[in-house]
Amino acid sequence: MTTNSVILLRDVAFVAMMIGSSLQAEPSKIYGVKGESWQAAGGPLPDFSYAGYQRGEKPLPERTPDVSVKDYGAAGDGAADDTAAIQKAIDANPGKTIALPAGRYRLSDVVTIKTSGTVLQGEGPDKTVILAPVPLQVIHPLPVQYAETGGTAYAYSGGFINVAGSTGYFANDAKPVTAPAKRGDTVVQLAPGHPFKAGDEIVIVAMDTTGQTLLRYLYREDATDLSQAGSDRSFRQVSRVKSVEGGTVTLERPLRIELRPEWKPEVRTFQPRVQEVGIEHLSFEFPKDPYLGHFTEKGFNAIQMNGVAHSWVRDVVIRNADSGIKLGGSVFSTVTGIVLESGRKASNPHDATGHHGISVESIDCLCTAFEFRTKFIHDLTVSGGSVGCVFSNGKGPDLSLDHHKLAPYENLFSQLDLGKGERMFLCGGHEGIGRNAAAGNTYWNLESKGSVEMPEGFGPSRLNFIGVKIRGRGKPDADGLWIESIRPGKLDPPDLHAAQLAGRLGGPTSPAAEETVHPWTNTEGKTVQARFGGLQGTAVLLILSDGKTVRYPLDKLSSDSQALARKLASP
């Protein structure tokens, strides 16, 4: 499948599984030993377990190509323009898996995917390379927005591979909520006669007021200046219906916000227009032009996916980009196995080689198993519309966790190696649109060489820091800033998202799987004995002899071990 996947801490984790941990694990007060202290229903620690493709309940699909771009005239020789051939293959085969065999494919324009089920599949990032020698600003010029630098909207949008879904991922069947509800409730009241039934997927929508009361609520009334934020914001949460009795609709998951009558909350059917789209096993290569700094970007942008559901970007290497991946207005999607590297000169005060690395401005999406080998001004970005997203199991030389204002709410950064730790709170966003972070954002088991210091005005007091080298004294406060000074690497569980998901899914799939010890071999030929604990999206849970559960990337196991995991996961 691939010979150049992310290395990260994966091999280190595998060795640790064999030799055991030298640190005595320490549980947190906010979660407990096995999650017994976690109050999903309205407590300070949100529920992050629904993030990612199919809510983490299924692994990413393994698809076999239906057609090849070479059937439509693509040369893949690095010289011919393959744009038209690739686009023709996509348009002629909606919903199919389209192979990009080993080669170098030169693009002179954007390639667009508009249909559900379409997968663009290379043979591996070291074999299938997409070249884009001319930037988007030359191909499709946009108006200059930043007069001092000549910057355009390509600074934060656009991609040579563009998946065009719809952020209106619901049906026109709105039913108003007839009674208030609290954050953490699992019941909404509708008028009798509504069409929803058990098993349906619904979207709960709340609209802001002219007084911005919803936006202020997300900041827990501590937003500061919102003079430029407007009042046309909405809040959405997707849930399956657990049961229905008359007008009482019981949800499978707790509400993330209150439902106040002034926000005119309503329920609609979840109906994504574009879903099950994948981009995988390939790399992007842009020229090594010097990066001159903020808002000078010309549009060397790799991937943009807007308004998709249950989709993914997997096993992709991006070189010399202005921006790597943007996932916008999407739901339940996964970005995994990503490497960002650059040979560009960093001719700018930030010592960065690009603007945005991975930007996830979506709902319940997962970015995991990633490695930055260069610095972007904003490595990881959440902003307005980012709710319930998770960044886990990643590393970089000096990661910036960019909170771009407009109320990024209840997002998780878990089991990351920040590198130096000097840029954790390096954030963007213009004045007048609130603090950088809204309530509920959680920082869990973040390693760094030095201590980090939260700047004044970063967010409201309702934030959670557990297992972070953060300067200053703090304590667990359910009504304020929750800080637990546990040494990173010692915190148990090491990955909060994996632990919450395992708790929700009930652990091992069967008693037989739970009791049987199997040998597990990774792609480096190293083997460990462990029980099978189930699949979690792109990872397998391995239960060690001391009872500890380790989350290990599925694609870093040998083909035989991958097959064993899928066999044990089958009903």
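Overview of the structure. (Residues numbered from 1 in each chain as written. Predicted model: local features only at pLDDT ≥ 70, side-chain atom pairs only at ≥ 80, totals over all residues. Heavy atoms only, no water.)

What about helix H2 (residues 83-92)?
Structurally, the α-helix is built with 3.6 residues per turn, so residues lying three or four positions apart point the same way. Residues of H2 that are buried include every one of Thr-83, Ala-85, Ile-86, Gln-87, Ala-89 and Ile-90, and no others. In this fold, the buried residues of H2 make contact with strand S3 (77-81), strand S4 (97-100), strand S5 (103-106), strand S6 (111-113) and strand S7 (119-122). (Buried < 20%, exposed > 50% of the residue type's maximum accessible area, 1.4 Å probe, protein only. Helix = DSSP H or I, 4+ residues; strand = E, 2+ residues; numbered from the N terminus. Contact = heavy atoms within 4.5 Å.)

A short note on the nonpolar core
Counting 69 residues, the largest nonpolar core has Phe-284, Ile-303, Phe-370, Leu-401 and Tyr-443 as the members making the most contacts within it. Per element, the largest residue contribution to this core is four residues, and it comes from H2. Excluding anything up to four places from it in sequence, Leu-401 contacts Leu-380, Phe-413, Leu-416, Leu-418, Arg-423, Met-424, Cys-427, Tyr-443 and Leu-446. Of all hydrophobic cores here, the second largest spans 43 residues; its members include Val-188, Tyr-217, Tyr-409 and Ile-433. (Core = buried A, V, L, I, M, F, W, Y, C linked by side-chain atoms within 4.5 Å.)

Regarding the packing of aromatic side chains
In this structure the tally under the stated criterion is 19 aromatic pairs. Judged by centre distance (3.8 Å) and plane angle (5 degrees), the ring pair of Tyr-146 and Phe-295 falls under stacked. With Tyr-146 in the loop between helix H3 (136-139) and strand S9 (161-164) and Phe-295 in the loop between strand S17 (278-285) and strand S18 (301-306), the pair connects residues that are 149 residues apart, well separated along the chain. With relative accessibility at 22%, the residue Phe-295 sits in the partly exposed group. Measuring from centroid to centroid gives 6.4 Å for Phe-270 and Phe-332, while their planes differ by 90 degrees, and the two rings are edge-to-face. Of this pair, Phe-270 sits in the loop between strand S15 (266-269) and strand S16 (274-275) while Phe-332 sits in the loop between strand S21 (323-331) and strand S22 (334-341), placing them 62 residues apart in sequence. In this pair, the class of Phe-270 matches that of Phe-332, namely buried. Taken together, Phe-391, Phe-413, Phe-425, Tyr-443, Phe-458 and Phe-465 form an aromatic cluster joined through their ring pairs. Here the basic side chain of Arg-55 rests over the ring of Phe-332, its NZ or CZ set 4.8 Å away from the ring centre. (Phe/Tyr/Trp six-rings, centres within 6.5 Å; stacked < 30°, edge-to-face > 60°. Lys NZ or Arg CZ within 6 Å of the ring centre and 35° of its normal.)

A few points about the environment of Asp-402
Note on placement: Asp-402 falls in strand S27 (residues 401-403). Classification of Asp-402 as buried rests on a relative accessible area of 0%. C-alpha separation for the pair Asp-402 and His-356, spaced 46 residues apart in sequence, amounts to 9.2 Å. Side chain to side chain, Asp-402 and His-404 meet in a polar contact 2.7 Å long. (Polar contact = N/O pair within 3.5 Å; in protein donor to acceptor, adjacent residues only side chain to side chain.)

Here's the deal with the pattern of salt bridges
For the structure on display, the rule yields 25 salt bridges. Between Arg-423 and Asp-379 there is a salt bridge, with the nearest N and O atoms lying 2.8 Å from each other. Pair noted here: Arg-423 is in the loop between strand S28 (412-417) and strand S29 (442-447) and Asp-379 is in strand S25 (residues 376-382), with a separation of 44 residues, a long-range link. The residues Arg-423 and Asp-379 share a single accessibility class, namely buried. Here Lys-469 ties to Glu-447 by a salt bridge, and the two come within 3.0 Å at their closest N and O atoms. (Salt bridge = Lys/Arg side-chain N within 4 Å of Asp/Glu carboxyl O.)

Any functional reading would require information beyond the geometric quantities listed.
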